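Given next are the chains, with one letter for each unit.
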Amino acid sequence: MHLVSINDLSHNQILDIFNITKHFEKNTDIVNTYKIPHILYNLFYEPSTRTSSSFQAASLLLNGSVIAVNEVNYSSVVKGENLEDTIITAGCYADVIVLRHPETGAAERAANISTVPVINAGDGNGEHPTQTLLDVYTIWKHFGRDDELNFNDLTITLMGDLKNGRTVHSLAKFLSKFNIALNYVAPEQYQMPDEYMCDCSVKYQDLTNIASLTDVLYMTRVQGERGSQFHYQLTKENVEQFKSNMIVMHPLPRNQELPMWFDADPRAKYFEQMKNGMYIRMALLYTILRDK
Ligand code: NCD
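These figures come from a predicted structure and were not determined experimentally.

Student: How should the sheet that holds strand β6 (residues 181-185) be read in this particular structure?
Tutor: Hydrogen bonds between backbone atoms are what pair the strands of a sheet, whose relative direction is either parallel or antiparallel. In spatial order, the strands read β7-β6-β5-β8-β9; together these five strands make up an open sheet with parallel pairing. Either end of the sheet is taken by a strand with one partner, and the two such strands are β7 (201-204) and β9 (247-249). Across the sheet, the mean angle separating the axes of adjacent strands is 20° when strand polarity is ignored. With three bridges joining them, strand β8 (residues 216-219) and β9 adopt parallel strand pairing. Bridge pairing in β9 links Y218 to M249. Packing against the sheet, helix α6 (residues 166-175) makes contact with β5 (155-159), β6 and β8, and its axis sits at approximately 160° to β5.

Here it is, written out as structure tokens:
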């Protein structure tokens, strides 16, 4: 099984992954039933801190070994090797490939040729499905019910670079299947592309009118490397309007949009969200390798 888009997983599969994630979160001492020796090929054509190291940690905790090609400049990519040949090569040595690439659609190309499962760790401004799994897991833990994927009645606000941020593209694809209120806050030029709009989504230019209604505020960085350029920042006035039980999320890394003074607020959940990433990736790797 490949994971190129968040739509590749059914809701039952996601619930299964969430329940395994919960188990891993509670039992860091992994019992033998979950040990699954394997080799993971971590192939990153773009910078990464959290995604690459959490995949690496997840693999090691499951008794795997990692071939880390985090800096493709030291691989045959600099000799002009194409993505397809690199993927075939990785498949000769590893059981699963994690790929991050600057081109939208690269993960699909890789999956089409690969003999082993390919996991999309971000393709250009396309998708980032494992980020969505950990994002949704974080929301589910705070607002969901154990036995079902249900986000009905939540007001979820995505704010920032909605045009070029891939995390919000995968997240919007997933969330639009639920009966929720989905708000998109961005300057017009950086608003959510039409393909991610749904009956439940509404565009706004700023947070002021919806800050007090929001249950989940998901902020994103301005993607300078993809040509985006604008400034925005969470303000103390926004925070004063927040509900007491809402949460603020961010895939990280952050720039100036999310000031550090907010970190001490109990509604700041981005570090917890980041930690969930390791458990989610353990559960995902376990599921993919088990079903291989
Ligand atoms: C995100 C990404 O790479 O898309 N980072 C991550 O994986 N947590 C977000 C970003 O770079 O802005």
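Student: Would you mind going over the site of the ligand with me for this structure?
Tutor: Taken together, T51, R100, H128, Q131, R166, T167, R221, Q223, P251, L252 and P253 make up all the residues around the ligand. Here Q223 contributes a side-chain N or O atom positioned 2.8 Å from an oxygen atom of the ligand. A distance of 2.9 Å is found between a nitrogen atom of the ligand and a backbone nitrogen or oxygen belonging to L252. Bound to the protein, the ligand loses 94% of the 320 Å² it would expose on its own.

Student: Even after reading the chapter, I still don't get the sheet that holds strand β3 (residues 96-101), so can you show me in this structure?
Tutor: With parallel pairing, four strands are arranged side by side in an open sheet as β2-β1-β3-β4. In this open sheet, the two strands that pair with only one neighbour each are β2 (65-69) and β4 (118-123). Pairs of neighbouring strands in the sheet enclose a mean axial angle of 15°, with direction left out of account. Sitting on the sheet, helix α4 (residues 106-113) touches β3 and β4, and the angle it makes with β4 is about 165°.

Student: I tried to follow the pairing of β4 on my own but got confused; where do I start?
Tutor: The two faces of the sheet receive side chains in turn, since in a regular strand these alternate between them. Along β4, six of the six residues are buried, which leaves the element largely enclosed by surrounding structure. Here β3 pairs with β4 via four bridges, running parallel. Bridge pairing in β4 links L99 to N120. Read from β3 through α4 to β4, the crossover connection turns out right-handed.

Student: In this structure, what is going on with α4? I would like to understand it.
Tutor: Each turn of an α-helix holds 3.6 residues, which means side chains three or four residues apart point in the same direction. Taken together, the buried positions of α4 are occupied by A106, A107, A110 and A111. Down the axis of α4, the sector holding all buried residues measures 135°, keeping them to one side. Structurally, α4 contributes buried residues whose contacts are with α3 (83-93), β3 and β4.

Student: How do you make sense of the pattern of salt bridges when you look at a structure like this?
Tutor: Oppositely charged side chains are able to pair whenever their charged atoms sit close together. Evaluation of the coordinates by the stated rule reveals 14 salt bridges. Here E25 and K141 are joined by a salt bridge, their closest N and O atoms 2.7 Å apart. Of this pair, E25 sits in helix α1 (residues 11-26) while K141 sits in helix α5 (residues 129-143), and the two are 116 residues apart along the sequence. Here K141 falls in the partly exposed class, since its relative accessible area comes to 32%. In this structure, R166 engages E46 in a salt bridge whose closest nitrogen and oxygen atoms are separated by 3.0 Å.

Definitions and cut-offs
Residues numbered from 1 in each chain as written. Predicted model: local features only at pLDDT ≥ 70, side-chain atom pairs only at ≥ 80, totals over all residues. Heavy atoms only, no water. Pairing = 2+ DSSP bridges. Helix = DSSP H or I, 4+ residues; strand = E, 2+ residues; numbered from the N terminus. Axes fitted to C-alpha atoms, helices over the stretch in contact; angles between N-to-C directions. Contact = heavy atoms within 4.5 Å. Near = heavy atom within 4 Å. Polar contact = N/O pair within 3.5 Å; in protein donor to acceptor, adjacent residues only side chain to side chain. Areas by Shrake-Rupley, 256 points an atom, 1.4 Å probe, with all protein chains shown as cover. Buried < 20%, exposed > 50% of the residue type's maximum accessible area, 1.4 Å probe, protein only. Right-handed = clockwise from strand over helix to strand, strands pointing away. Arc of directions from axis to C-beta. Salt bridge = Lys/Arg side-chain N within 4 Å of Asp/Glu carboxyl O.

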